[in-house]
Structures are given as structure tokens and as C-alpha cells.
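# Notes for the structure review
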Amino acid sequence: MDSNQNNSRGQSANLSSNPLYYQFGSDNPLLSMGMQQPFHPFTSPFGASSSTNIPQMDWNPGTMLDNLSFIEEKIRQVKDVIRTMVDNGGQLTYRPGELGQQQQAVNADLTCLIVQLISTAGSLLPSLKNSSFLSHPPAGHMEMANHVGSSSSMVPNTAAHSEDNNEDLCSPEDYEELFKGFTDGAVEDTEIENVLVEEQDTKDGDEGGDAGMDGDNLPPGSYELLQLERDEILAPHTHFCSICGKGFKRDANLRMHMRGHGDEYKSPAALAKPPRDASAEHAPVKRYSCPFIGCKRNKLHKNFQPLKTILCVKNHYKRSHCEKSHTCSRCHTKKFSVMADLKTHEKHCGRDKWLCSCGTSFSRKDKLFAHVALFQGHTPALPSDEPKDSSDQVGLPGSHQEPAKLASSVGSFMWGNSSGDDSALDVKGLDSCSDDFLSTANFGSFNFSFGQLDEFVYAVPSRSIEAGSGMPATASEHEASLTDWSIC
Amino acid sequence: MKRSPPLPAQHVRGGNIVISTPPLLGRSHQESMAMTSHRQPKRRRFSPAPASPPLDLLADELLFLVLDRVAAADPRALKSFALASRACHAAESRHRRVLRPLRAELLPAALARYPSATSLDLSLCARVTDAALSAVSAASPSNLRAVDLSRSSGFGAAGLAALSKASPDLVDLDLSNGVDLGDVAAAEVGRVRRLQRLSLSRCKPLTDMGLGCVAVGCPDLRELSLKWCLGLTDLGLKLLAHKCKKLRTLDLSYVMISKNSFPAIMKLPNLEVLTLVGCTGIDDDALGSLEKDCNKTLQVLDISHCQNATEAGVSSIVKSIPNLSELNLSYCCPITPSMVSSFHRIPNLQILKLEGCKFMADGLKSIGRSCGSVRELSLSKCSGVTDAELSFVVSRLNNLLKLDITCCRNITDVSIASITSSCTSLTSLRMESCAHVSSEGLRLIGKHCCHLEELDLTDNDLDDEGLKAIARCSKLSSLKVGICLKISDEGLTHIGKACPELRDIDLYRCGGISDDGVTQLAQGCTKLESINLSYCTDITDRSLMALSKCAKLNTLEIRGCPRVSSCGIAEVAMGCRLLSKLDIKKCFEINDVGMLYISQFSHSLRQINLSYCSVTDIGLLSLSSICGLQNMTIIHLAGITPNGLIAALMVCGGLTKVKLNAAFKSMMPPHMLRNVEARGCVFQWINKPYKVELEPCDVWKQQSRDVLVR
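Residues numbered from 1 in each chain as written. Chains lettered and ligands numbered in written order. Predicted model: local features only at pLDDT ≥ 70, side-chain atom pairs only at ≥ 80, totals over all residues. Heavy atoms only, no water.

A tally of regular secondary structure across chain A gives 23 helices and 9 strands. Residues classed as buried in chain A amount to 49% of the 488 residues present. Here the contacts in chain A between residues at least 6 apart in sequence split such that 64% fall between residues at least 24 apart. Entry remark: accessible area of chain A is about 23,800 Å², with carbon and sulfur atoms responsible for 55%. (Helix = DSSP H or I, 4+ residues; strand = E, 2+ residues; numbered from the N terminus. Buried < 20%, exposed > 50% of the residue type's maximum accessible area, 1.4 Å probe, protein only. Contact = heavy atoms within 4.5 Å. Areas by Shrake-Rupley, 256 points an atom, 1.4 Å probe, with all protein chains shown as cover.)

In C-alpha cells:
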């Protein structure tokens, strides 16, 4: 631990192996057993202690190699200890207390090993990477950038986007060749990664949407305002340079890009997560503006509300100002501009079985009942057992065809109404125009419902019921039956 | 009818023939005259016209008046009336309001014949199909206001849809026991906009969705039962409370109601009766969640069997319902003085039911202090009821009219003395199995409480002196003195002479009585409707002959009276034409002859127990000609063969429940059984050992006491 603390940032390039040296150098295995602390950082890799230099777990082949050799070494040490225990066990020179201590130490060591193994393996998973992404402070800054080290996936977003930067830096494709061997295994499947990242984007977007209300409403001027251009926002990038804001498809490309910003970005340690407490107060807060003129999130709007992170920008822009190109493969009606929204919707699509007689569908029963309680004449509608298309035609006494018909006629309207009831569905509203949405869109929708209701009510009596079929009602039976009257 | 004893059989048979043979369909004048003259004695009382001019001349209004009187005297006479003449037939058709068909298939004809019927009671039809219900819509404009489907099965949403469409004015719909009815059916019910009274009890598949449909569709609901609707949750109940503001009576027994919807229900502005039996979700939180004086209309609250309610909850709920008049806390929680003292907040409390409760020290006393207005108190099966506390309570409750101290086994003559001295206006006293009360104590009851109408002294030490005292209660209508071994004919004679209003008497296992006593009783109590003489082994046909004079008798239980024979049964069948329930188990002498009489005369018979009788296939087949027969128990009948049994079952279309020897199950063709079951009949296969000998009453009583001690 002490040795770790002594490491300065400049040395960080080789630091990941330092604990190993320390352990390795100790002759007495018991002594090293007592020194569990060096491994501690593995359990909380983002523990934000500036002095701990963490053997990086991100997918950096060099780091990975270091980690593995560390594990190997560690296993050897544990073996040594146990061997000594076995040797001494025959002579019974240890007091019982000592033996117990040793056992505890071995236990702790093994636990440490397991943790290390898991976290090493975990660094291969994109989801882990992304969660580390999220745990980062939303905006990077210069001081932070100094600390930013080996973990390129943890690079905070910046949007100091300038055309010049592009020319200064090597294009990502150049590096792609270089790192192909390394990157292919890990982040080849960009689509999966996109999905995962974007799902988190949704949450980020929500945060951004709440920004105006949650007390984080910074006064204008207290933050650095950035505005990315449309092309940049819509580029399928998931890794962004914390300095210039340039986006990359692959983390490796970003890392190579970072080298272009100076030597300090070349070491893996420098890419480690910077200590938040140390740097937070110095950092100029960054906020983002939507490039769409007239949008509330655009800096020219009089009630401008900035977006918090670059992810918020991306999601906001796509949801509010882009075509909804992703269509649900189940219902073929709902469309989304953000892939993650579609995925979330598809999880629930078809399960909106809580129907109202007005045609509105709900994902949750309590929402339906609140709706029914609110409006006169609206009734919970039961899902028809028969397939809808057949029941539409047949004049069955069972009554559930009207809701089905209405539902299709209501069409696009439906989801305006239902988007308020489920976080999965309110993808549209909350970032940009939540106020408007609640006040006007919903109101309109209610009017619409009333219109439908009238139709519904009048439709009921006109239904024909073929109920009398097969009734024995001939005259002779009629006469004969009279005898059987019980006169009570 | 009872005034023409010699040929009643012919009369009834004649009535049947009228329909089936062509000559009488024409209703020749002579025939109709014969019928009218037959009814002459009755008609002369109400109608100025003697027998000679045909009834056709009378105005409808007069005929209707006659009809009402006739129906009031003997409902069965309406049939004869309708057959008297064309005019009578038409008048009866137009005047009848209530239909109770025996077979649902006859609904179209019935509705066509009785256009002004407003109430359709299908309780005799075990199986009502959707097609039968849609006949209602086939019939021209239906005036039906009430439909009772509580005993029927076999219909579903489609039938209800037809019903709701055809009867837009339906006000009262009973769908109890529709264990297959779910949301779809409820949605159809929701189309009956004017519905005011609805029972959906035991519609177990019902969920919030269906209830929502009903709540939205029937805003006028005043009375609703959702008992045993286990699929309901707070959501649906909240919606109900929100939509049906006119609800007055609501039964939510065994429903999963919790504190989330309880306040909403309690805030219903017109709620008067709320039943919450066995609602485990009603706990102290729920009961305490209401503000003071939250509901000023509620009069009856039943939270019996709510195991999670305790003293604290009960104390807090009474604050919110100041106008409560009836409170049922049976099997709910221990009764403590502090809880009872909170009842001073409900000054109008009149009925307090605390059955099966455990009384803490002074709990009962505080009832006397806090509930002075109570008129009806039930302490049945309570533990902790002592002489001192009970005496104190009754001394304070001067208005007490009904008292139930069944199985309060610790009380003695002391309590009885104070009850009889303090509550002289008691109309009902139930004290079964108060073993420590002596004969002398029981005599006090008759001496002081002469307003009694209902008295239950089952399994007590009552003797003839006690009965003699009880005979002072001239308004006595129900007397239960079963397992009172000391009473004899002498005591019964006193009752027979002094209690003309007696309708129901229970003499179960009164081994000391014989024919003389029963004869005296039957002669005095001509209004008798129900008598239980089971295991009174000395009873013979003479008793039944006497009882046959009680024309209103509908329930006769003579189980274990081995000296009764078919002759007695024949007399009863001919005399008691309203007989609907007959138990002749272990009357070994009764054979097919008795059954022939029963089938001939007892057309109202609904339920019969024939176990151990000497009845054979013939008797069983003749019994099955009784259309309304619903319930049969046929166990250990030596003369029954599987073929005879199945024939009887196939003929008897209205059966709903049949108990049979388990041995028969394998002997009867399964498809036949399935056929019978498809008509709505349920089989119970009994596997009891064959046991002929009857223990003497005292041995039996001692055995039951021994069980108690153990």
C-alpha cells in the first residue's frame, strides 16, 4: 500500500505491476499475507482515491497481461503459504492461534484472487465498461484530463467540437488497422454496444429532461456552453473525446486519438478515473445546447434549458427533431427514433392488455382504472378471446369488438395518450417539451376520447344478437309445457 | 281442497289430464263447471256470484282480487283456478307476476303465456343454458324486473347478453354461485343500466376488470354482493366506490380488501350495510385509517372473522361511524373493557353480536355500562362469560329483546334468575347446552318471560314443569327442546293447549315422548310448519295421523322412528300437501306404498332422505315423478338395484344433489351418470358402515357429554 501511495502520476505507466513487485519481493509469505491492502483497490476500482493506482481492468491488452501475471504470482504465494503450513503442521510448532490467523489470511487471499479474476474478466464485457462510463462525472475538464489514464472507455464527454481538431488528429480509421488484433474480440459488435449504451442514454435523457426541475438549474454563464452540430450528434459514435468532443465508434480509436492531445494521455494510469473530489470544484461545468433553432434546448430560446450531457444531446435531438425510423416489429404502429426506446417498447408491446372502451390501452391496470374513474362512461374492456379480425365481423353476443375497432381507428393518437403512463413510453415528452405535452397534447387526446365515447355508446344497441337460435318454441311444446309450471 | 278428502288424488290427476287429452282442451262448459263447483266453498267467501254463472262474466279486476285471495290461502290453488274456465285461464295468465319454472326449456312458453310477469325465479332449474336465457329476448317485450339465477348453472356470458338485451328494465339480478362466471359475464351485466340489486357472490373468476364494467355500467346499484369474489383487489373496489355512489348495501365478505380501498368504500355517501366477514386485509391500519364521523349513514357493520382486527382497530372504527345500529364482531378479537367503552361513541347501537369471542376480565360488564341501548345481544360460544358479569349486563340492558347464550357452559341458575327478572320483555332466548342450569332455573323462563317467540333449550335439563311454565308464552312460534330427556307427553300437552302460534318445534331425541303428546301438540298447534321427531323411538303412525291435520306442515323429520310405517306416511302425504322436506332415514317399516302416496300427493317435495328404508326400485321410480325434487339421499337401501336407481335418476329432471352408496358408483354406467350430471346434478358417494341399531337417547346424551369433558 505504501509503495502504491508513493507512486507519482508520472510513473503511472508501469504502476500496474508495482504491487506485484512488492509482493514478490517479500521473502516471508506470512508478511505478505498480512498485507492485504494492495489488493483492495481491485474490489472498488473506481473508489476515487487519488493515491491508488489501479491495475486497469479495461480491455487494454497490456494491462490485461499485467493483471494475469499478477494473478499468477498471487496464486504462487498462496501456494507457498499453504505449503509452509503443511510442513509445519507435522511439527506442531505453531500455536493454535497462529494457525487460525494463517487460515484467515489464506482465505482472504483467495477471496482477493477471485475478485481480481472476476474484475479482469469483467473488463471484457461491454456492459461493465458502460456502467463505468455512467459512473463518471458528466463533463470532463482540463484538470480531469490530466488524470485521465488508461481507461479510454471512461473518457468523459466533451463537445469542444471544432473542425480544426479533425485535421490535427489522425482519422480513426488509421488506427483501426493498428489495433485490429486487439479490438476485434472486444468491441467488434458495435450494434450490441450501441443498444446497451443507448439504453442508458434513455436514462440520461430523462435526467436531462429533469434538469430544469431538480435544482440543478445553473444560472446562465456559470457553465461552459457547447453546441454540437447535427452531423456530429447523429454520428453513430459512442466514445467521445473529453477535450475536443470528437466521437469514435471504437474505444481503441479514441485512445489513439487521445495520444494526439499530448504525452500525458499516453500512459494507462493517466486514463484512470480522476478523483472527483479533488477536481470537481475546479472544473468549469459543461452544458449543451441543441442545434435546432427554436427548440427550448437551443441556446437562443428565451427559456433555454441546457442539456446535461452529450448523451442527453444525442437522445434529445433524435427524439425531438429526427424522423422516427425504427418501427416496432410487433404492432407496426409505434415508431421511435432512438433504438433503445424501440427495444424498451418491444419488451412491453402486445402486453398492453389493459384496454378501455374508448380504445386507449394501458400497460398497467392501475393506470386503466384511474382513467376509467376519471371519465364518465368509460368502461374497462376485456380482451376478446377470439382473434380480433374474426370477431369484428361476427355479431357475437360477446361484446368486445368495439374496443378493438376503436383501437385501430384511434391509431396514432393512442400513444400520445398512453405515453404519460409508463416511463418506457414517455420517450417523447420529457426532454424538450414536457410542459407542452401535458397541457395541450393530453387535453386534445381527451377530447378525442369523448368523441369516441359517443360512438361507442350508440353502437351498443345496434349490435345484433343471434341468440334465439335453436330455441324450441313450437306451439305444441308451448301447450304441453304448461303442465309443468310449478305454482309457487 | 282439503275439504274434499275422499278423492284428492283424482282431482290432481284430473288437472294433469286436462292438458294431455283433447276433449278437455276444448273446456266444455260442463267440465269447467265441475272445476268451479269443486272450488265452490272457497270462492263463495269472496265472490258474490254463486257457482251457476260462469266466471267469465266477472270483470278482470274482480277476478284479480279473487286470484290474490286464492293465492294467499293456498298458492297451489292458482293452477286449479286457471283450469276452471277460459276467462280464469286468461285472467291468471295476465295477473301472474312471479314465474318459477321447473325447467328452463319451458321459458319461451312461460313468458308467452305470462306477459306481465316481472319476476323470474329459476331456482328450481339446476341447469339453464344460454339458449334458454336467450328465449327471454325471443319473447316479445319483456317486463322482467327481477331474475334469480342463484341456483342455476350452465349459462355464460352469451345468455346474460341476451338477457340484458331483452330486459332493459331489469332491476334485480342474482347470479350467486356462478362459479364459472367471470369478467365477460360481468361485462354483460354492466349493460343493464338500471340494475339496482346485484349479487355476484362466489363468481370466483371475476376480477377487477369485470367489476369495473359493472361499476361503470350500473350507476344505480343500491345493493351489491361480491362475497367470495377472490379475484378482486383494491383497484376494482376503489372504482366501484367511485362510480356507484348510490350503494346502500355492500357485501365484501372474504374479498381481499385492504386499507387502500377501505376508506373509499367507507366514504360511500349512502352506505348503510357493510359486510366484511373474513376479510384478512381489514386490520387495525385499515380500521384506523378513517377520520372521525367519516360515514354518518352506516347502520350495519359486520367484521366477523376478520382475524387481523384487534381491540385498537375496533376502538378507532367506531369513531367514524356514529350512527351504527348493528355491529358484528364474532370470532374477531378478544373483548376488552377499553374496547367496549369506546362504544359510547355509537349511542344507537341496538344489535351486538359477539359470537365466539373471548371475554377479558370485566369485558362483559363494560357492555352493560357502555351499550345501554342494545336490544339484541349474542354471546354464543363465548369464553369467559361468568354468572357475575352476565347478571350485571342483563341488569343494565333493560331493553333487551333477544339474547343468545348458546354454549356458555359456565353459567348457572344465578344468571338465569337475573335474566328472567331483568329482561321480562325478551322475545328470543337461545341457550342451547347450558349444562349447569338446573330444571328449577329453567322454570323461571316461562314464569317471567311470557313474550317469548323463540326459545332454544336444546340439550338442557328441561322437565315437564319447565314446559308447563313455557306454555305461558302464548306467542311462542319456535321451540327447540331437543335432547331434553326429561320431557314427556304431559309437557307437550301444555304446549299444545297454550301455544297456538307455534310453527316450528324440535323434539330431536326426546326419548320420553310418545303418540299422545304429539297428538295433543298437533291438535293445538295447527299452524305447525316444521317438526322434528327424530329418534323419538316411541312414535308410531298415530302421531303422523295427528300431524296430517297440520295443513301447513312443510318439514317432517322422523329419522330413527322404527315404528312408523307407510300408513303414517300416506296420511301425512294426503294431509300435508305443502310437504317439501321429508327425512325418514331408519324408518325401516316404510316401503313402496308410502312412496306411492308421496309421489301422488306431495308435489311440493324438494328433499327426501330414504336411507335404510324398505323402499325398492318401484318406490324410487314413483318418487322420481315429482318434478320439483332436488335433493335425494339413498344410502343402504336393500331393495334398490343399479338399474332402478339409474332409471329414477334419468326421469327426475330437477335433481341437484344425490347422495348414494359408494358401492353403486362402479355398478352404474358412467355415461348415464355423466348425463345426469350434465343436467346440473351433483353426486356424493357415501361410504358409511351399515348400522341398524339405535342407541337409547340417554346413552347418546352421555356420550356427547363425555366428548365435551375430554
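Moving on: the packing of aromatic side chains. Residues and elements named next belong to chain B. This structure, assessed with the given rule, holds 7 aromatic pairs over all chains. Consider the rings of tyrosine 508 and tryptophan 700, whose centres lie 6.1 Å apart with planes at 80°: the pair is edge-to-face. Pair noted here: tyrosine 508 is in the loop between strand 17 (504-506) and helix 24 (515-524) and tryptophan 700 is in helix 32 (residues 697-709), with a separation of 192 residues, a long-range link. Judged by its relative accessible area of 21%, tryptophan 700 falls in the partly exposed class. Ring pairs connect the aromatic residues Tyr508, Tyr535 and Trp700, which therefore count as one cluster. A cation over an aromatic ring shows up here: lysine 586 above the ring of tyrosine 612, its NZ or CZ 4.9 Å from the ring centre. (Phe/Tyr/Trp six-rings, centres within 6.5 Å; stacked < 30°, edge-to-face > 60°. Lys NZ or Arg CZ within 6 Å of the ring centre and 35° of its normal.)

Moving on, we come to the confidence of the model for chain A. Residues and elements named next belong to chain A. For chain A, the mean per-residue pLDDT works out to 57, and 39% of the residues sit at or above 70. Of all the helices and strands in chain A, helix 18 (residues 388-393) carries the lowest mean pLDDT, 34, while helix 17 (residues 365-374) carries the highest, 89. Here residues 127-215 scores under 50 on pLDDT; set against residues more than four positions off or in separate chains, the count is 194 contacts. Ignoring residues within four places in sequence, the model shows residues 386-488, a span with pLDDT below 50, making 161 contacts including any to other chains. (pLDDT = per-residue confidence, 0-100.)

We now examine the side chain of B:Thr427. Its place among the elements puts B:Thr427 in the loop between helix 20 (413-422) and strand 14 (428-430). Once you skip the residues sitting within four places of it in the chain, B:Thr427 turns out to touch B:Leu401, B:Lys402, B:His451, B:Leu452, B:Glu453 and B:Glu454.

Residues and elements named next belong to chain B. Phi angles above zero are rare outside glycine, and arginine 202 is one such case at about 65°. Considering the arrangement of structural elements, one finds arginine 202 in the loop between strand 5 (197-199) and helix 12 (208-217). Its identity is not glycine, yet tyrosine 612 carries a phi of approximately 70°, on the positive side. Mapped onto the secondary structure, tyrosine 612 falls in the loop between strand 21 (607-609) and helix 28 (617-623). Residue classification places tyrosine 612 among the buried positions, given a relative accessible area of 9%.

Moving on: a nonpolar patch on the surface. Together, A:Ile114, A:Leu117 and A:Ile118 make up a nonpolar patch on the protein surface, roughly 300 Å² of accessible area in all. Mapping A:Leu117 onto the fold places it in helix 6 (residues 96-122). (Patch = residues over 30% accessible without salt bridge, like charges linked within 9 Å, V, L, I, M, F, W, Y side chains within 5 Å. Salt bridge = Lys/Arg side-chain N within 4 Å of Asp/Glu carboxyl O.)

Let's shift gears to the packing of helix 20 of chain B against helix 21 (residues 439-448) of chain B. Residue and element names in this part refer to chain B. Where helix 20 contacts helix 21, the two axes come as close as 9 Å, and the packing angle between them is 5°. Classified by the angle their axes make, helix 20 and helix 21 are roughly parallel. Of the residues in helix 21, those touching helix 20 at Asp413, Ile416, Ala417 and Thr420 are Gly441, Leu444, Ile445 and His448. When its residues are assigned to classes, the contact of helix 20 with helix 21 shows 4 nonpolar, 3 polar and 1 charged. (Axes fitted to C-alpha atoms, helices over the stretch in contact; angles between N-to-C directions. Parallel < 35°, antiparallel > 145°, perpendicular 65-115°, else oblique. Nonpolar A, V, L, I, M, F, W, Y, C, P; charged D, E, K, R; others polar.)

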